[in-house]
Amino acid sequence: MFESLTEKLQGTFKKLSGRGKLTEKNVSDALREVRFALLEADVNYKIVRDFINDVKVKALGQEVLGSLTPELQIAKIFGDELTKLMGTEVEKVKIASSGPTIIMMVGLQGSGKTTAAAKIALQYRADGRQPLLVAADIYRPAAIKQLQMLGEEIDVPVFSMGTEVSPVNIVQAAVKSAVSLAQNFVIVDTAGRLHVDEELMEELRSIKSAVSPTEILLVVDAMTGQDAVNIAENFNTDLDIDGVILSKLDGDARGGAALSIRAVIQKPIKFVGVGEKVSLTTLEEFHPDRMASRILGQGDFSTLLERAESVFSEDQAKELERKLTDKQGLDFEDLLIQIEQIKKMGPLDQLIEMIPGANNLPMKGIQADESQLKYAKAIVQSMTPQERRNARILNHSRRLRIANGSGTSVRQVNQLVEQLKLMNRMVKQHTGLEMPQLAARQIGKRPKGMQKRKKRKRR
Amino acid sequence: MIKNPFKRKKNNEAQEQTQTVPEESVNSANSPDTVEIPPEKPGTQSFRQTDSSVDAERNWFGRLKAGLSKTRSQLIGQIGSLLRSGNRIDEDLLDEIEAILIQADVGVNTTAKLMNNVRETVNGKGLKHPSELEEILKGEILNVLGESEAGIDVEGRRPYAILILGVNGSGKTTTIGKLAHRFKSEEKRVLVAAGDTFRAAAEDQLAIWCNRTGSELIRGSHGSDPASVVFDAVQAAKARQVDVLLVDTAGRLHTKKPLMDQLSKIGRVMSRGLPDAPHEVLLVIDGTAGQNAIMQAKTFNETVPVTGVAVTKLDGTAKGGIVIAVKEEIGAPVKLIGIGEKLDDLRDFVPRDFVDALFAHEAI
């Protein structure tokens, strides 16, 4: 998501490190490039100016200039300042101490309120709460229908009263209904509006005073430009919002809006939206430190591990380890399990992005194509159990049958067989070290066998 | 730690522009969520706001100025007062102009190019007084935007097929609603293809627009292949001999390769059913978007060559600088701009008027 900015910064720091010794002049030059990078990332002009000044003062301090690794020092200052700017704590949504928690979603048209509302409902239901979605957008054609369809998809009730009742009344009735049905987590989807639209802003103020929401969350499109600060400032002045959701961060928008908003209104970014589908993986908590390390090109390994942990069971990891050390190697059954697990972890391109250093690898240009996984799965599922366990018996007529059965071509089947061979060869070459190690990390625990082997090798 | 740099502005225009919204809502309440649209039902024009015809009389320059009032007060309002207050052209003044342009989302590169040219002219002609800068700056922006007006002319092809694309939430469906309204008021027969089969209730949203404007709609079942819906729509457009075919597509981030492939497939399907279609490929860009809009424009343009750009939400909030940057980057002219919530607040983009409106001095 922050690729381009990351590249620029890495380039800048490389230049610094190539010079051996830092002078005021080359720090200024580097910061000038950082300034452009930040501006291109849509960080607000005035914030960039102040930010660059802050970093410069610190970077020119004695410790940095005198240190042996000035570029690392500057990277650290830069990261620290970025994190500071974005807040240092992960801030969660408040839960009401009595009565239902009421979350009110506000924002401009097309910022992603409805989708974000459904994602929040799904996430808090997974946490054991009873969510209720409230359709209070009576203006945009079919907005209510959209929320109803999403509600149906994720099996969360949606409260609506059509388009002829005022939003204030709808929300009041919804809260009453939630109390009577013991729904303890009410999410109100309001209509998109421009922050300069007094009449509609007044409507939001009325809703706020009618039901006193626990939290008002402003949804901001990650692609927003310089105006992000005005939007945030206006909504905050009118409603005293509690936090921000940054949507559509799965594109290549550099998301400078995140920095700007946080700096101007001093309210935390609580979630980021990373996909148009409503699922548990497309709404993430906002981790300021992770975001900062992402900007600096250090990858986001913690999120990756968290995701992996949530889908890999310990048993599965052990089984995988056993197979890998086995002479037989992996078979198609294992491949199928792997595919399922990877799919559970979220969109492929996101996973690749999280790998530290992925921006520098040849991997960067590769488009992660989810449909390939689908084909691979179909091919394996068209095999007999015997074929799945032993790839050697796959002669031409079997391959043809599999291709027909899976709706693919023999070429695709051949490719998959080759891929499995390649995987096994790689595993053997690395004496079974890397794969199980990764699997072990994924469950947060290193299998004992692996440790021993590694030690022996070192000796 | 950092004070908000911008003052909050309230003005009457903002209220005036949106006061019809509740009115619309009542109308949409009357139409059921799922509508089957009978072709050419005369009574469906009733949704039109009574005052829209009056507004139509006002020249669009005035409306644009009103719509851009916020932009103006921030962007060139600042430049204007800067030029009036300064008494000589120096680096500080030029730097400040540069800063204002960047804050209007014109972008670092485009701003640098504009300012370089301005500097050259200033040095070449030995200009001294700030008041001389305005015409030069206007001229430079016009240079990028192009002088001539590039509207959409649907005559000469029948059906005239327009493919609408853009990222999520940019305003494609609303733009289609406004376009349908425009063509209907020109006595054209309009068919709309509900090519967004992905987003929940996207087809229903379009159906309501079609109902309001009296346009015909071809829709598939939710989740079906958009290319097949578009194929059906092209066949229907030919059979029914409609004048204009508007093809809606699902919002997609330009970074998602499979979705972009799907888009080029839709383009191919259109040209298979209708040689040289799509006749117009309209990229919809959110006026509040920042520099990412440039990447969007580039990538969409590589997928299906874009022939025109529509910039939405230019009222009240956006600064519109991205208009300049996008034109500079992909060359496709800005054809339409959305400057309000009303059905006829979609206007042809006239570069000269736009620049004049941006630079206008008097308060509205």
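Just so you know, these numbers come straight off a predicted model, no measurement behind them.

## Here we look at the overall build of chain A
Item 1. Secondary structure summary: chain A contains 22 helices and 8 strands in total.
Item 2. Every one of the 459 residues in chain A was classed for burial, and the buried ones make up 55%.
Item 3. Restricting the contact set of chain A to residue pairs at least 6 apart, pairs at least 24 apart contribute 73%.
Item 4. For chain A, the exposed area adds up to about 20300 Å²; of that, 51% sits on carbon and sulfur atoms.

## With respect to the side chain of A:Lys270
Residue and element names in this part refer to chain A.
Item 1. Note on placement: Lys-270 falls in strand 7 (residues 269–273).
Item 2. You can call Lys-270 buried: its relative accessible area is 4%.
Item 3. Side-chain polar atoms of Lys-270 contact the backbone oxygen of Lys-92, separated by 3.2 Å.
Item 4. Among all residues touching Lys-270, those that are not within four sequence positions of it are Glu-91, Lys-92, Val-93, Lys-94, Glu-215, Leu-217, Asp-242, Gly-243, Val-244, Glu-284, Glu-285 and Phe-286.

## Section: the confidence of the model for chain B
Item 1. Taken as a whole, chain B shows an average pLDDT of 78; of its residues, 74% reach a score of 70 or greater.
Item 2. This stretch, residues 70–74 of chain B, has a pLDDT under 50; its non-local contacts, to residues over four places away or in other chains, come to 26 contacts.

## Structural notes on the sheet that holds strand 2 (residues 190–195) of chain B
Residues and elements named next belong to chain B.
Item 1. The 8 strands lie next to each other as 3-2-4-1-5-6-7-8, forming an open sheet whose pairing is mixed. The sheet is open, and its two borders are formed by strand 3 (216–218) and strand 8 (346–348), each paired with just one other strand. Sheet twist, expressed as the average angle between the axes of neighbouring strands with direction ignored, equals 25°.
Item 2. Pairing of strand 7 (residues 334–338) with strand 8, which is carried by 3 bridges, proceeds in the antiparallel orientation. Within strand 8, the residue paired with Leu-336 across the bridge is Asp-348.
Item 3. Contacts from helix 10 (residues 172–185) reach strand 1 (160–165), strand 2, strand 4 (244–249), strand 5 (280–286), strand 6 (308–312), strand 7 and strand 8, with the element oriented near 170° to strand 4.

## Notes on the environment of A:Gly162
All names here are of chain A.
Item 1. For Gly-162, the position within the fold is in the loop between strand 3 (158–159) and helix 8 (167–180).
Item 2. In the structure, Gly-162 is positioned 25 residues away from Asp-137 in sequence and 9.4 Å away in space, judged by C-alpha atoms.
Item 3. Leaving out residues up to four positions away in the same chain, Gly-162 has contacts with Ile-138, Ile-144 and Ile-170.

## Topic: the sheet that holds strand 7 of chain A
Residues and elements named next belong to chain A.
Item 1. Judged by pairing direction, the sheet is mixed, and its 8 strands sit side by side in the order 3-2-4-1-5-6-7-8 without closing on themselves. The sheet is open, and its two borders are formed by strand 3 and strand 8 (283–285), each paired with just one other strand.
Item 2. Here strand 1 (residues 101–107) runs beside strand 4 (residues 185–190); their pairing, made up of 5 bridges, is parallel. Across the sheet, Met-104 pairs through a bridge with Val-188, a residue of strand 4.
Item 3. The sheet contacts of helix 7 (residues 143–154) involve strand 2 (131–136), strand 3 and strand 4, and relative to strand 2 the element is tilted by about 165°.

## Points about helix 15 (residues 321–330) of chain B
Given 3.6 residues per turn, any residue in an α-helix points the same way as the ones three and four places further on.
Residues and elements named next belong to chain B.
Item 1. Along helix 15, 8 of the 10 residues are buried, which leaves the element largely enclosed by surrounding structure.
Item 2. Along helix 15, the residues that are buried comprise Gly-321, Ile-322, Val-323, Ile-324, Ala-325, Val-326, Lys-327 and Ile-330.
Item 3. Phi turns positive, to about 80°, at Gly-331, one or two residues after helix 15.

## What about the pattern of salt bridges?
Item 1. Under the criterion given, the structure shown has 36 salt bridges over all chains.
Item 2. The partner of B:Glu134 in a salt bridge is B:Lys138, with the nearest N and O atoms 3.8 Å apart. Placement of both B:Glu134 and B:Lys138 in helix 9 (residues 133–145) is noted, with a separation of 4 residues, approximately one turn of the helix.
Item 3. A relative accessible area of 9% means that B:Lys138 is categorised as buried.
Item 4. In this structure, B:Asp243 and B:Arg158 form a salt bridge, with 3.1 Å as the shortest nitrogen-oxygen distance. Residue B:Asp243 is found in the loop between helix 12 (226–239) and strand 4, and its partner B:Arg158 is found in the loop between helix 9 and strand 1; the two are separated by 85 residues along the sequence.
Item 5. Note on B:Arg158: relative accessible area 57%, which makes it exposed.
Item 6. Overlapping salt bridges, with partners in common, bring together A:Lys94, A:Glu215, A:Asp242 and A:Lys270 in one network.

## What about the confidence of the model for chain A?
Residues and elements named next belong to chain A.
Item 1. For chain A, mean pLDDT is 78; residues scoring 70 or higher make up 69% of the total.
Item 2. Across residues 356–366 the pLDDT falls below 50, and counting only partners more than four positions away or on other chains, this stretch makes 15 contacts in the model.
Item 3. Here residues 430–459 is modelled with pLDDT under 50, and outside its nearest four sequence neighbours on either side it reaches 37 contacts, counting other chains as well.

The rules behind each value
Residues numbered from 1 in each chain as written. Chains lettered and ligands numbered in written order. Predicted model: local features only at pLDDT ≥ 70, side-chain atom pairs only at ≥ 80, totals over all residues. Heavy atoms only, no water. Helix = DSSP H or I, 4+ residues; strand = E, 2+ residues; numbered from the N terminus. Buried < 20%, exposed > 50% of the residue type's maximum accessible area, 1.4 Å probe, protein only. Contact = heavy atoms within 4.5 Å. Areas by Shrake-Rupley, 256 points an atom, 1.4 Å probe, with all protein chains shown as cover. Polar contact = N/O pair within 3.5 Å; in protein donor to acceptor, adjacent residues only side chain to side chain. pLDDT = per-residue confidence, 0-100. Pairing = 2+ DSSP bridges. Axes fitted to C-alpha atoms, helices over the stretch in contact; angles between N-to-C directions. Salt bridge = Lys/Arg side-chain N within 4 Å of Asp/Glu carboxyl O.

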